[in-house]
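# Breakdown of the fold
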Amino acid sequence: MSEHTLHVKVVTPNGIIFDYETASLVVLDTTNGSEGIMANHAPIIAAMQVSEVKVVDEESSFEEIITISGGFAEFSENTLTVVSDSAERAQDIDVKRAQEAKERAEKHIAASDTDDVVRAQAALMRAVNRIHAVTGSK
Amino acid sequence: MAASLQDIQRRIASTSKTRQITSAMQMVSTAKLSQIQRHGGSYTVYSDALHDVVAHLATAHINNVKGTLLEQRRVTKVGFLVISSDRGLVGGYNSTLLKEVMAEITRRQLTTDQVVILAVGGNGADFFKKRGFDVAYEYRGVSDVPTFDEVREIVQMATTMYDNEVFDELNVAYQHYVSRISNEVHLEKMLPVSTDDLVESKDETKFTADYEMEPSAEQILSIVLPQYAESLVYGTILDAKTAEHAASANAMSSATDNAKEIIDSLGLKYNRARQSAITTEITEITGGMAALN
């Protein structure tokens, strides 16, 4: 590992979804707004939104987007660990399924059967997030 | 004598069919066991990462625990999350577990209305319903290798109930997988999250760093703690399921052994009966010859 890169791991209950050793920049969407992490950043723990994590490696012009459903990120000793209860790499996302999930969630919200709304809204956010990661539009 | 010979033959045939079934079931359970063990390995990475951060946060900010899952409330109702199996044919897996839970309830002198049962698995649900306990939640049909998404419902139900003060303490009772041949009943207090457990961080050196917190440590704690509780419950369900497969493989392997023993002894019986039939026949023939002479 060179001095100007950092190690990124995305960890979920189903194992390590993504592991990249030589990233030059990672962009996180924390609850406080966007945050870029580069090598030798100060140790940080940040709460994450249902959002995308962008991993960039300039040297080999590599770029990857991973969607996560909340959780948190922890950075120390040049290793960034994103811990979330689910995560998907953009290339693995099934847009059609996400679209269906989005429509389902919208229907639930429209029907607004009380306590289901919160869950439906969360589902909608996840679906929109996943669609966005692939197509770039919300 | 001839009828008995046929009887024995029939019994041998039926026992060997049973043995075939039990040995197939043993193989299936063993396959499921290795499958879930592989999955458990990848889960450990997640739970360790979570544990380390929670441990760090909790030890550094132990004073601000009000309103979080760390807060100790006065206990008026005790919740038990009992993880049993849906199916039978798992040996003493369910009975030892349920016995242990009943013993705990008696030991703490809890009446039926002080206890709230959350049952994962049909055996536990039926057991406590029959005895008049309040089964607030039951979940049947956990798959052989449960995924986090599947278990999320159970987990969220448990933490929501705790937040709504349906119970003030949550214990989880499950069979812990020790090895392929033995399980152990574990009864653990899961909520409120015990700070003692957290202090035993697995990696002491890693979390001495001074972190920037974004947003505040309290807010992060309030996000991370439920996630941690969820991960704990998921971990125990995985553990229990592993133990179930092991117990099932075990029960089926001893059933297969027993069937083999029965077949052996029946074979001996069959040969004896056959021999004595032949002896009788010879005696009859020689008797007949003697009469002719």
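Where an unreviewed UniProt entry is consulted, chain B appears under the name ATP synthase gamma chain, with the organism given as Weissella bombi. Per UniProt, chain B carries the Subunit (unreviewed entry) text "F-type ATPases have 2 components, CF(1) - the catalytic core - and CF(0) - the membrane proton channel. CF(1) has five subunits: alpha(3), beta(3), gamma(1), delta(1), epsilon(1). CF(0) has three main subunits: a, b and c." Taken directly from UniProt, the Sequence similarities (unreviewed entry) text for chain B runs: "Belongs to the ATPase gamma chain family."

Per an unreviewed UniProt entry, chain A goes by ATP synthase epsilon chain and derives from Weissella bombi. As its UniProt record puts it under Sequence similarities (unreviewed entry), chain A is described as follows: "Belongs to the ATPase epsilon chain family." What the UniProt record of chain A gives under Subunit (unreviewed entry) is the line "F-type ATPases have 2 components, CF(1) - the catalytic core - and CF(0) - the membrane proton channel. CF(1) has five subunits: alpha(3), beta(3), gamma(1), delta(1), epsilon(1). CF(0) has three main subunits: a, b and c."

### Description of the overall build of chain B
Summing up its helical and strand segments, chain B has 6 helices and 6 strands in all. Shown N-terminal to C-terminal, the secondary structure of chain B runs as helices and strands in the order α-β-α-β-α-β-α-β-β-α-β-α. Taking 19 Å as the expected radius of gyration for a compact globule of 293 residues, we find that chain B reaches 28 Å, considerably beyond that expectation. Its C-alpha atoms put chain B at 115 × 45 × 30 Å along the principal axes. Each of the 293 residues in chain B was classed as buried or not, and the buried ones make up 44%. Accessible surface, chain B: about 14900 Å² in total, of which carbon and sulfur atoms supply 53%.

### Focus: the UniProt feature "domain: ATP synthase F1 complex delta/epsilon subunit N-terminal" (unreviewed entry) in chain A
Listed under "domain: ATP synthase F1 complex delta/epsilon subunit N-terminal" (unreviewed entry) in the UniProt record, and renumbered for this structure, are residues 6-87 of chain A. Within the segment residues 6-87 of chain A, helix and strand shares are 0% and 72% respectively, and the terminal C-alpha atoms sit 20 Å apart.

### Examining the packing of helix H4 (residues 148-163) of chain B against helix H6 (residues 217-292) of chain B
Residues and elements named next belong to chain B. Remark: H4 packs on H6, axes separated minimally by 9 Å, with the N-to-C direction vectors making an angle of 120°. By the angle class used here, H4 and H6 are oblique. When the axes of H4 and H6 are compared, the crossing they make is right-handed. The residues of H6 that touch H4, namely those facing Phe-148, Val-151, Ile-154, Val-155, Gln-156 and Thr-159, are Ala-229, Glu-230, Val-233, Tyr-234 and Ile-237. Grouping the constituent residues of the contact of H4 with H6 by class yields 8 nonpolar, 2 polar and 1 charged.

### Let's talk about the sheet that holds strand S7 (residues 62-69) of chain A
Residues and elements named next belong to chain A. Judged by pairing direction, the sheet is antiparallel, and its 5 strands sit side by side in the order S4-S3-S6-S7-S10 without closing on themselves. The outermost strands of the open sheet, each flanked by one partner alone, are strand S4 (33-38) and strand S10 (87-89). Across the sheet, the mean angle from the axis of one strand to that of its neighbour is 20°, orientation sign disregarded. Pairing analysis gives 8 bridges linking strand S6 (residues 50-57) to S7, with the strands arranged antiparallel. The partner of Val-50 across the bridge, within S7, is Ser-69.

### Structural notes on the pairing of strand S3 (residues 134-139) of chain B
Residue and element names in this part refer to chain B. The pairing of strand S2 (residues 115-120) with S3 spans 5 bridges and is classified as parallel. Bridge pairing in S3 places Ile-117 opposite Val-135. For the segment spanning S2, helix H3 (residues 122-130) and S3, crossover handedness is right-handed.

### So, helix H1 (residues 95-111) of chain A
All names here are of chain A. An ideal rise of 1.5 Å per residue puts 24 Å on 17 residues; H1 measures up with 24 Å between its terminal C-alpha atoms. Among the residues of H1, Ala-98, Ala-101, Lys-102 and Ala-105 are the ones counted as buried. Down the axis of H1, the sector holding all buried residues measures 105°, keeping them to one side. Opposite the packed face of H1, turned more than 90 degrees from it, sit the exposed residues Lys-96, Arg-104, Lys-107, Ala-110 and Ala-111.

Rules behind the numbers
- Residues numbered from 1 in each chain as written.
- Chains lettered and ligands numbered in written order.
- Predicted model: local features only at pLDDT ≥ 70, side-chain atom pairs only at ≥ 80, totals over all residues.
- Heavy atoms only, no water.
- UniProt positions renumbered as here; feature names shortened; annotations may be inferred.
- Helix = DSSP H or I, 4+ residues; strand = E, 2+ residues; numbered from the N terminus.
- Rg over C-alpha atoms; globule rule 2.2 N^0.38 Å.
- Buried < 20%, exposed > 50% of the residue type's maximum accessible area, 1.4 Å probe, protein only.
- Areas by Shrake-Rupley, 256 points an atom, 1.4 Å probe, with all protein chains shown as cover.
- Axes fitted to C-alpha atoms, helices over the stretch in contact; angles between N-to-C directions.
- Parallel < 35°, antiparallel > 145°, perpendicular 65-115°, else oblique.
- Left-handed = near helix turned anticlockwise from the far one by under 90°.
- Contact = heavy atoms within 4.5 Å.
- Nonpolar A, V, L, I, M, F, W, Y, C, P; charged D, E, K, R; others polar.
- Pairing = 2+ DSSP bridges.
- Right-handed = clockwise from strand over helix to strand, strands pointing away.
- Expected span 1.5 Å × (residues − 1).
- Arc of directions from axis to C-beta.

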